[in-house]
Structure formats: structure tokens, C-alpha cells
Amino acid sequence: MKYKNSIFNEYFNYSGKNYVFNTSSGSLIQMDRDYPLRATKEELAVLLDNGVIVRDTTDEVFELIEKVNRKIDAPIKTLYITVVLTNNCNFGCVYCYQNHCHKDFSVEDATRLTAQVDEWLGGDIESIVVNYFGGEPLMNSDILINLDSSIKSIARKYSKGYQSNISTNGSMLSVDILQKVQFNLIRLTFDGNALWHNRFRKMPAFSYANQLDLLDCILKNSNSKVEVRFNVCKENTKSFDNVFDDILGISSFDASRVKFEVARMKNVKNNSAISELTQEEYARSYMTILTYKKSHNLRLNLPKPATTPCPFSINKAVCLGPGMIKYFCSESDGKSIDKDLLSSRRPHISLSRDCQECKCLPFCLGPCRVHKQSNSSCIPEKYILPELLTAFLS
């Protein structure tokens, strides 16, 4: 049997030793590039199982596409629902892409959604994950609390799973709401240290210090996990070292409950206060923040291959707003032209030549359908993979 090295291998050196990381399998092995030439039969079998070598006739891109498309065609087990509870917001963040207006998810909308969830969970779907979104979703907290209670009852009736998440600016999140809803995950955003966060948020009544106090309150008064998102631009990247200091300085901080994500701040409204990063610049900022994370003794993880694309793009997620209007996804104000709440169409992935030749293809499975026409198509790993791997080993 003849073998060849995988096209998804990333070879690198750390501390005088050679390693290979396979982006398709996620395997990391210490070995020289030519090691397969002298490996035993048993060792070749291990390398084959880990994707580092493949049979000489293997078309890896074709096999990856076929594998992913089979998963796309599989029945929905977990359905992701984003509920835009309101288009209104009490903040005026300079980078926000949304056009805020006074449209709320109504009692009638909640009744329709509850009936639909009953139908979904009464069928083959095993669990649902609901992300309460806005605007600022807590400006419509009565509907949120009632909707959450109704969905919990439906999930219990069918012995199905239900997870409630919220993306919020935090200013209206009280202990009472925490204990009534018992969110599984709460997403909070920091826009840099106190200087930059307060400048970009323009909400003196709920400052950077208030956001830190809220994080402490969540950790003390609930079992919710928290996703802290760092919004980065040219101006604020270096300030996140201070943000790590401040967050880890919270007495209730628990690394098992708080995870950190990084996002590129978009200057949708061409505000002079923001210098938007190119995707390659964003990758460098992303690496800088991971370096800060590591210096604070927080664990770094290896990049993971994706099993399917974004669930919105393959109709395994739905985003619903006031009037039960269906949006393409939570990252876009664009309304979906699909009249069915949950379409049965499952678009297969289609990749450009550049994507097919990219070593990082298994991480993203092609560009986001919302951002593919902009310079935000490619993921940071494309530009900094060797540095990420070295940081993980060190």
C-alpha cells in the first residue's frame, strides 16, 4: 500500500523538536516530516488513523466535502433558535450594525412560537437551544420570562432538552431574572479596557466598572456559564491585557465557567472613532490576545475541525424577530426569503478553488454566506496557525 502526506498537515518546530498538526483530524504528533518513510507497519497505521498520511489515491478535499454533506443531510437532532425579542436598545454603541426601532416580540408572537416549539419537540428533534437576542433582549423581559417558562414546560412534557442563552449588554440583567430564567449561557461583550469600553459604548449609566460588577454578580448568584467576547479594533487591541487583569481580579472568577472569545469590531457606520482591522490585522490582534490569555495562566486550546458549516446556512437554525419575521441569521438584518420557518432544504457546501487549496479548510468549511463578499471571509488561523500551535505547546 502506497501512502502520501496529508494536504492538511502543518509542520512546525518548537524548542528544537519537529511536530505535525493535521487540521482535518485535529491530531498533533511529534515527528519529522520524512518520518513515514522509515516508520514500521504499526506506526504507519497510527499515522493513517490520525490523518497525517493518507492512501496515495485519496482525494482529501472530495472526501471532506462528501463527509460534511452527509452530516448536512442527517436529520436535525438539536435545533438552534435565535429569538430577537426587540429591535430596540438602550445603548448607542458606535460600531453597532443594527438599525434600532421600537419593534418588540409580542404576546401573539410568543404564542405562535410556543406552538411551533411544541410541534418541533413533539417530533424527532431531541433538543433545542434558544438564544435570546436583540437589540437589548431584556428591554422585553416579561416576554422572555414567559416564553422561557413555556418552553421549559414543553421540553419536560416530551422529555426533551432545552438550553437557554442570552446575548445582552448586561445593563438590565438582575438577580431576579437570573434566578427565574437560569440561563445556561450568558454572553457579555467588552470593548477594551475602561477607557475604550466606555468610549465605544456611550452609556455612562452602565460603565466598564458596572460590567465587571455584573460578571461578579452572575458568578455569585447563578450557575450560568459566561462567554466574554472581546471586540477588537486597531485602537483597543493592546488594552485587553488590562481587561484580563480586571476579570481575573474578580473574587468569584472561575475559569471553568468563563470562556473568552474574540471578534473583529466592524465599522458599519463609518464612525471616525474606529479603525477597522483587515482580516490579516485581525488575525495578529487575535494572536496578541491569546498571548495575553496565556500570560494569565489561562488554557489555550488547539483549533478544532468543524463537522458542519454554520447551522443557519444549512437550515438547521432559525432566527425569528417581531411579527415572527424570519431573518437569515443573527449576524444580519437581512430578512430571509424562505417562507417556511424551518426549511427542509439542506444546501451542500460549495467551495472555491482558493478554499479547496487552503490548509485551514477543515476549520471553517468555506466562507460565511453573510460575510463572503467582504474582507472578513477568512478565519484568523489561516494567517497564524504555526504561532497558535507553538503557543499551545509552550
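Everything below is about the structure printed above this text.
Residues numbered from 1 in each chain as written. Predicted model: local features only at pLDDT ≥ 70, side-chain atom pairs only at ≥ 80, totals over all residues. Heavy atoms only, no water.

Participant: Sorry, what's going on with the pairing of strand β7 (residues 127-133) here?
Facilitator: Each regular strand carries side chains that alternate between the two faces of the sheet. Most of β7 is tucked away, with seven of its seven residues classed as buried. Residues Ser127, Val129, Asn131 and Phe133 line one face of β7 and the alternating positions Ile128, Val130 and Tyr132 line the opposite face, and both faces are buried. With seven bridges joining them, strand β6 (residues 78-84) and β7 adopt parallel strand pairing. Among the inter-strand pairings, Val84 is bridged to a residue of β7, identified as Phe133. Regarding the hand of the β-α-β motif, the stretch spanning β6, helix α3 (residues 107-121) and β7 is right-handed. (Buried < 20%, exposed > 50% of the residue type's maximum accessible area, 1.4 Å probe, protein only. Helix = DSSP H or I, 4+ residues; strand = E, 2+ residues; numbered from the N terminus. Pairing = 2+ DSSP bridges. Right-handed = clockwise from strand over helix to strand, strands pointing away.)

Participant: Looking at this structure, how should I read the pattern of salt bridges?
Facilitator: One side chain can pair with another of opposite charge once the charged atoms of both are near each other. For the coordinates displayed, the defined rule picks out 14 salt bridges. The residue Asp118 makes a salt bridge to Lys157 at a minimum N-O spacing of 2.6 Å. Placement of the pair is Asp118 in helix α3 and Lys157 in helix α4 (residues 141-158), with a sequence separation of 39 residues. Overall, the relative accessible area of 23% leaves Asp118 in the partly exposed class. We note a salt bridge from Glu227 to Lys259, for which the minimum N-O separation is 3.6 Å. Taken as a pair, Glu227 in strand β10 (residues 225-232) and Lys259 in strand β11 (residues 258-264) lie far apart in primary sequence, 32 residues in all. Under the relative-accessibility criterion, Glu227 is labelled buried at 11%. (Salt bridge = Lys/Arg side-chain N within 4 Å of Asp/Glu carboxyl O.)

Participant: What is the right way to look at the packing of helix α9 (residues 279-295) against helix α12 (residues 381-393) in this model?
Facilitator: Helix packing for two helices is described by the angle between their axes and how far apart those axes are. Where α9 contacts α12, the axes come no closer than 9 Å and their chain directions differ by 15°. Between α9 and α12, the angle falls in the class roughly parallel. Along this stretch, α9 crosses α12, giving a crossing that reads as right-handed. Along its contact with α9, which presents Gln279, Glu280, Ala283, Arg284, Tyr286, Met287, Leu290 and Lys294, the element α12 presents Glu381, Tyr383, Ile384, Glu387, Leu388 and Ala391. (Axes fitted to C-alpha atoms, helices over the stretch in contact; angles between N-to-C directions. Parallel < 35°, antiparallel > 145°, perpendicular 65-115°, else oblique. Left-handed = near helix turned anticlockwise from the far one by under 90°. Contact = heavy atoms within 4.5 Å.)

Participant: I'm lost on the sheet that holds strand β3 (residues 17-22) in this one. Help?
Facilitator: The strands making up a sheet associate through hydrogen bonds between their backbones, and the pairing can be parallel or antiparallel. Pairing in this open sheet of three strands is antiparallel, and the strands run β2-β3-β4 from one edge to the other. With one partner strand each, in any of the chains shown, β2 (9-14) and β4 (28-30) form the two edges of the open sheet. Strand-to-strand twist of the sheet, defined as the mean angle between neighbouring strand axes without regard to direction, takes the value 25°. In terms of strand pairing, β2 meets β3 through six bridges, oriented antiparallel. Across the sheet, residue Phe12 finds its bridge partner in β3, namely Tyr19. Sheet contacts for α12: β2, β3 and β4; angle to β2, the most-contacted strand, approximately 50°.

Participant: What exactly am I supposed to notice about the packing of helix α8 (residues 240-248) against α9 here?
Facilitator: Remark: α8 packs on α9, axes separated minimally by 9 Å, with the N-to-C direction vectors making an angle of 35°. Every pair of crossing elements has a handedness; the one defined by α8 and α9 is right-handed. Between α8 and α9, the contacting residues are Phe240, Asp241 and Phe244 on the first element and Ile289, Tyr292, Lys293 and Ser295 on the second. Classifying every residue of the contact of α8 with α9 by side-chain character gives four nonpolar, one polar and two charged. (Nonpolar A, V, L, I, M, F, W, Y, C, P; charged D, E, K, R; others polar.)

Participant: How should α3 be read in this particular structure?
Facilitator: What sets the pattern is the α-helix's 3.6 residues per turn: residues three or four places apart point alike. End to end, α3 covers 21 Å across 15 residues, agreeing with the expected 21 Å (1.5 Å per residue, within 8%). Packing partners of the buried residues in α3 comprise β6, β7, α4 and β12 (317-321). (Expected span 1.5 Å × (residues − 1).)

Participant: Looking at this structure, I do not really get the nonpolar core. What am I missing?
Facilitator: Note on soluble globular proteins: their nonpolar side chains tend to be buried together. One finds Ile128, Tyr132 and Phe230 to be the most contacted residues of the largest nonpolar core, which totals 79 residues. In this structure Phe230 touches Phe190, Phe240, Val243, Phe244, Ile247, Phe260, Glu261, Val262, Ala263 and Ile289, once residues within four positions along its chain are discounted. With 12 residues, the next largest nonpolar core counts Phe8, Cys355, Leu361 and Leu365 among its residues. (Core = buried A, V, L, I, M, F, W, Y, C linked by side-chain atoms within 4.5 Å.)

Participant: Is there a simple way to think about the packing of aromatic side chains in this case?
Facilitator: Counted under the stated rule, the structure contains 10 aromatic pairs. Ring plane angle 20° and centroid distance 5.6 Å describe the contact between Phe12 and Tyr19, whose orientation is recorded as stacked. Of the two residues, Phe12 and Tyr19, both sit in the buried class. Residues Phe230 and Phe260 carry aromatic rings whose centres are separated by 5.6 Å and whose planes lie at 45° to one another, so their mutual orientation is tilted. Of the two residues, Phe230 sits in strand β10 while Phe260 sits in strand β11, which places them 30 residues apart along the sequence. Taken as a pair, Phe230 and Phe260 share a single burial class, namely buried. One cation-aromatic arrangement involves Arg33 over Tyr11; the distance from NZ or CZ to the ring centre is 4.0 Å. The ring of Trp196 carries Arg199 above its face, with NZ or CZ at 4.7 Å from the centroid. (Phe/Tyr/Trp six-rings, centres within 6.5 Å; stacked < 30°, edge-to-face > 60°. Lys NZ or Arg CZ within 6 Å of the ring centre and 35° of its normal.)

Participant: So what exactly am I meant to see when it comes to unusual backbone geometry here?
Facilitator: Both trends apply: most residues other than glycine have a negative phi, and most peptide bonds are in trans. Following Gly134, the chain continues to Gly135 via a peptide bond in cis, the omega torsion being 25°. Relative to the elements of secondary structure, Gly135 occurs in the loop between β7 and α4. Of note, the phi angle at Ser159 is positive, near 55°, even though the residue is not glycine. On the accessibility criterion, Ser159 (67% relative accessible area) is exposed.

Participant: How do you make sense of the sheet that holds strand β8 (residues 161-167) when you look at a structure like this?
Facilitator: In spatial order, the strands read β11-β10-β9-β8-β7-β6-β12-β13; together these eight strands make up an open sheet with mixed pairing. Two strands close off the open sheet at either side, each with one partner strand: β11 and β13 (325-327). For this sheet, the mean angle separating the axes of adjacent strands, direction not counted, is 25°. Here α3 sits on the sheet in contact with β6, β7 and β12, set at roughly 175° to β6. Sitting on the sheet, α9 touches β10 and β11, and the angle it makes with β11 is about 155°.

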